[in-house]
Amino acid sequence: MKIGIIGAGFVGRAIAKLAIKTGHEVMLSNSRDPRTLFSLKPMIGCETGTATEAANFGEVVVIAVPLTATEHLPAAELRGKIVLDAVNYYPDRDGDIEELLSGGISTSERLARQFPGSRITKAFNAIRMTDLETQGLPPGDANRQALPLAGDDSEGKAIVTALYDAFGFDAVDAGALAEGWRFERATPAYCVALSRVQLIRTLLETTRR
């Protein structure tokens, strides 16, 4: 599968490394000149390009940029695409956004509103990238960690589930895209190592802040 990744920070690079390791083709991009990423091709084996090129390249596109940068994403190229939303909202970085601070909308619902033609699944936002790269375990291992996802697109969910499994993690479906708030920043499931049973229980018990 071809995966375009918009954002070449810790999140984008970690997902790129694991995707390449598990047999996928990857293009990483950033908001600057793609020549600033020239060392990544020999280092991890990915292609590099602009955000627009990554969106065109990917059968699946991962969004791994600061929340305020989402307004600069290539909307036309993302239309109709399966998009994996790894974005988190940090008020200290992104500023006060009342609808997010009040819990009136999730970050993924906000992204879906910005890009109504995209098929968005919330994923890869609730684990530290050092853990994503190092804590994966084989299926059936009693210590295997679980990761949450949420979305309205069944194909997108199936792709996330397969990627989680390939990377060494169990998947827990939190429900519709609107339920993504259950594992956003500052929730009990956010960046906490939990088994599948523990994560299911934690998501169900989580309440709106």
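Residues numbered from 1 in each chain as written. Predicted model: local features only at pLDDT ≥ 70, side-chain atom pairs only at ≥ 80, totals over all residues. Heavy atoms only, no water.

So what about the overall build of the protein chain? Which residues, and what values?
The helix and strand inventory of the protein chain stands at ten helices and eight strands. With respect to the principal axes defined by its C-alpha atoms, the protein chain has extents near 45 × 40 × 30 Å. Counting every position in the protein chain, which comprises 209 residues, the buried fraction comes to 51%. Across the protein chain, 23 positive and 26 negative side-chain charges occur, with their mean positions spaced 2 Å apart. (Helix = DSSP H or I, 4+ residues; strand = E, 2+ residues; numbered from the N terminus. Buried < 20%, exposed > 50% of the residue type's maximum accessible area, 1.4 Å probe, protein only. Lys, Arg positive; Asp, Glu negative; His and termini not counted. Charge placed at Lys NZ, Arg CZ, Asp CG, Glu CD.)

I'd love a proper account of helix 9 (residues 154–167), names of residues and values included.
Along an α-helix, residues three or four apart share an orientation, since each turn contains 3.6 residues. Taking 1.5 Å per residue, 14 residues should reach 20 Å; helix 9 reaches 20 Å between its end C-alpha atoms and fits that length. Residues of helix 9 that are buried include every one of Gly156, Lys157, Ile159, Val160, Leu163, Tyr164 and Phe167, and no others. On an axial view of helix 9, the arc spanned by its buried residues comes to 160°, and they lie on one face. Positive phi shows up at Gly168, right after helix 9, with a value of about 105°. (Expected span 1.5 Å × (residues − 1). Arc of directions from axis to C-beta.)

Kindly report on the layout of surface pockets, identifying the contributing residues and their values.
What the largest pocket holds in volume is close to 570 Å³. Along the walls of the largest pocket sit 30 residues, with Gly7, Ala64, Val65, Pro66 and Arg93 positioned nearest its centre. When residues of the lining of the largest pocket are assigned to their parent elements, the largest contribution, three residues, is made by helix 1 (residues 10–21). (1 Å grid on protein atoms, 1.4 Å probe; cavity = no way out; pocket = protein on both sides within 12 Å on 5 of 7 lines; lining within 4 Å. Points joined across faces, edges and corners; volume = space filled by probe spheres on them.)

Help me get a handle on the pairing of strand 8 (residues 170–173), residues and values and all.
Strand direction decides the pairing type here: strand 7 (residues 146–151) and strand 8, joined by four bridges, are parallel. What sits directly across from Pro148, in strand 8, is Val172. Running through helix 9, the crossover from strand 7 to the neighbouring parallel element strand 8 is right-handed. (Pairing = 2+ DSSP bridges. Right-handed = clockwise from strand over helix to strand, strands pointing away.)

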